[in-house]
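The lines below spell out each chain.
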Amino acid sequence: MKVAITSQGKDLAAPVDERFGRCRYFIIADTESGSFTALENAGAMASGGAGIQAAQALADRGVEAVITGYMGPKAMQTLQAAGIKVYAGASGSVGEALAMFKEGKLGLIDRANVNAHFGMR
Amino acid sequence: MRVAIASGKGGTGKTTIAVNLAKTLAEDGPVRFLDCDVEEPNAHLFLRPTFQERKGVALLVPQIDAEKCTGCGLCSRVCAFHALAVVGGKVITFPELCHGCGGCSLFCPTGAIHEIPKKIGVVENGLAGKISFSHGRLEVGSALVPPLIKAVKKQVHADRIVILDAPPGTSCPVVATVAGCDYCLLVTEPTPFGRHDLDLAVGMARELGIPCGVVLNRAGDGDEIIEDYCAREGLPLLLKIPFDRRYAACYAAGNLLVEEFPSWQEVFKDLWREIERRAGA
């Protein structure tokens, strides 16, 4: 399964970025093989629509699940339309979040857990 | 001759200067007044126009014909504001992010996008003596200000004198107001905050290539902070209005300085002559 974890850095040791649309990187990991790549979030500094842009980028890359801290309404709507599942409440390192996900310890959410523009604070 | 009254910092006295200048000039001939602060218009409270016309202003936003859409994603790639996303072979739209540029429907290879109007506000036109008055009112819930300001500016026809009351700040709505003007008056106050935001506004006017001059309101205590700034930047300090409780009371009652204190008429006439001289230079 291909999952994307919002990250402050480029590897599994980096801390999770709790913001979705304005995180610095996405770590795109394959849960079967354990391989991963870092994708710089092109929309991190967008004036608006960052969450939509990020969701579009992940959908284009065939991501099936997102692991993050908080998710706003427009990003959620876009990810749901793409059939991408969202797991929220991640913290610690990207590697730790991925381990928690594999153990089924992260909660699946089906609606936004913060308002629009949360990541701009 | 188009003169914008802007400020950077809010609450420095833009509307006070704009309405008193317009009222003074209207003694000698017709004046067009545009209140471009469409999020919170207030000039009508002072000039008290009789409104004769009310026009809805709409932005064209995309609507997708699912039958014709192939999900190619071109619309989402051309949209600079991420108002469309294409996921799972389908387009989803976010009209609240759309700036109405029309790029998506222009580029759609299958003609699956047509544009529908989304109301963003109204323009109201009226008369206050010799002043032709126009302002915009943004629809509650709409966040897109510049297109409505441009609609307000379209009310100008063959007017010789146009006074534009700008919104506060230095962001897109202010740029939309000030762009194309012959002169920009920047109203400030003698405080660090006033100077800081004046500096931002001066930067904006210079970027737009519009000559500007400064009006110092609530003057009398610590004026050097603005005087020194103007001297350093080579900006003309065109007018000072003293900090006076009577002027504050006049404003609070919705009255005009030039009517309650007629000696101010000559001051505003001088201000206008100075603007004309400098805008022509």
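Each chain carries its own residue numbering, running from 1 in the written order of its sequence. Throughout, the order in which chains and ligands are written sets their labels, letters from A for the former and numbers from 1 for the latter. pLDDT decides what is reported in this predicted model: residues at 70 or higher carry local features, side-chain atom pairs at 80 or more are listed and counted, and totals for whole chains, interfaces and linings draw on all residues regardless. Just so you know, side-chain values use all the structure's heavy atoms and leave hydrogens and water out.

**Here's the deal with the sheet that holds strand β2 (residues 31-35) of chain B**
All names here are of chain B. Here, any two strands with at least 2 DSSP bridges between them count as paired. A run of DSSP states H or I qualifies as a helix once it reaches four residues; a run of E qualifies as a strand once it reaches two. Both are numbered from the N-terminal end. If you trace the nine strands from one edge of the open sheet to the other, you get β3-β6-β7-β2-β8-β1-β9-β10-β11, paired in mixed fashion. Two strands lie at the open edges of the sheet, namely β3 (50-64) and β11 (237-242), each paired on one side alone. Each neighbouring strand pair of the sheet contributes to a mean axis angle of 20 degrees, computed without reference to strand direction. The pairing of β2 with strand β7 (residues 131-138) spans five bridges and is classified as parallel. Looking across to β7, one finds that D35 is bridged to H135. This element, helix α7 (residues 192-208), spans β9 (183-188) and β10 (212-219) of the sheet and lies at about 170 degrees to β9. For helices, the fitted line uses only the C-alpha atoms of the stretch in contact; every axis is such a line through C-alpha atoms, and the angle between N-to-C directions lies from 0 to 180 degrees. Note on contacts: a residue pair qualifies if any of its non-hydrogen atoms lie within 4.5 Å across the two residues.

**Description of the interface of chain A and chain B**
In this complex, chain A contributes 13 residues to the contact, which on the side of chain B involves 12 residues. The quantity reported as buried area is the accessible area (1.4 Å probe) lost by two parts once they are put together, taken as the sum for both. Here chain A and chain B share an interface that buries about 950 Å² over both sides, 67% of which is from carbon and sulfur atoms. For the chain A face of the interface with chain B, the top three residues by lost area are I52, Q56 and K74 of chain A, together amounting to 44%. Here, a salt bridge means any Lys or Arg side-chain nitrogen found within 4 Å of an Asp or Glu carboxyl oxygen. Linking chain A with chain B are zero salt bridges. Definition of a polar contact: a pair of N or O atoms within 3.5 Å, with one able to donate and the other able to accept a hydrogen when the atoms are protein atoms, and with sequence-neighbouring residues admitted only if both atoms are side-chain atoms. At the surface where chain A touches chain B, the tally comes to three residue pairs in polar contact (both at pLDDT 80 or more).

**What to know about the sheet that holds strand β2 (residues 25-30) of chain A**
Each strand in a sheet pairs with another by means of backbone hydrogen bonds, the pair being arranged parallel or else antiparallel. All names here are of chain A. One open sheet holds the six strands; their spatial order is β3-β2-β1-β4-β5-β6, and the pairing between them is mixed. Only two strands of the sheet have a single partner each, and these edge strands are β3 (36-40) and β6 (107-109). For this sheet, the mean inter-axis angle between neighbouring strands, taken without regard to orientation, is 30 degrees. Bridging between β2 and β3 involves five bridges; their strand directions are antiparallel. Within β3, the position partnered with I28 by the bridge is T37. In this fold helix α3 (residues 94-102) packs onto β1 (2-7), β2, β4 (65-67) and β5 (85-88), with an angle of close to 140 degrees to the strand it touches most, β1.

**Quick notes on the nonpolar core**
What we call a nonpolar core is a set of buried Ala, Val, Leu, Ile, Met, Phe, Trp, Tyr and Cys residues that are connected through their side-chain atoms within 4.5 Å. Only protein chains enter the area calculation, which uses a 1.4 Å probe; residues under 20% of their type maximum are buried, those over 50% are exposed, and those in between are partly exposed. If you look at the biggest cluster of nonpolar residues, it comprises 40 residues, and the most contacted ones within it are V178 and L186 of chain B. Tallying contributions element by element places α7 of chain B first for this core, with five residues.

**Digging into the packing of helix α1 (residues 50-60) of chain A against helix α2 (residues 73-81) of chain A**
Angle between the axes and distance between the axes: these two values describe a pair of packed helices. Residues and elements named next belong to chain A. Contact geometry for α1 and α2: axes closest at 7 Å, N-to-C directions at 20 degrees. It follows that α1 is roughly parallel to α2 by the angle criterion. Classified by chirality, the crossing of α2 by α1 is right-handed. Residues G51, I52, A55 and Q56 of α1 touch α2, and the partners they reach there are K74, A75, T78 and L79. In these notes the angle categories are as follows: under 35 degrees is roughly parallel, over 145 is roughly antiparallel, 65 to 115 is roughly perpendicular, and the rest is oblique. Crossing handedness is defined as follows: a turn of the near helix away from the far one that is anticlockwise and smaller than a right angle gives a left-handed crossing, while the clockwise case is right-handed.

**A few points about the packing of aromatic side chains**
Residue and element names in this part refer to chain B. Any pair of Phe, Tyr and Trp rings, taking the six-membered ring for Trp, is counted once the centres come within 6.5 Å. Such a pair is stacked with planes under 30 degrees apart, edge-to-face with planes over 60 apart, and tilted for the rest. As enumerated under the stated definition, the model contains nine aromatic pairs over all chains in all. Seen in terms of ring centroids, F51 and F133 are 5.9 Å apart; in terms of plane orientation they differ by 75 degrees. Their pairing is edge-to-face. In this pair, F51 sits in strand β3 while F133 sits in strand β7, placing the two residues 82 residues apart along the sequence. Within the aromatic cluster, the residues linked to one another by ring pairs are Y247, F261, W264 and F268.

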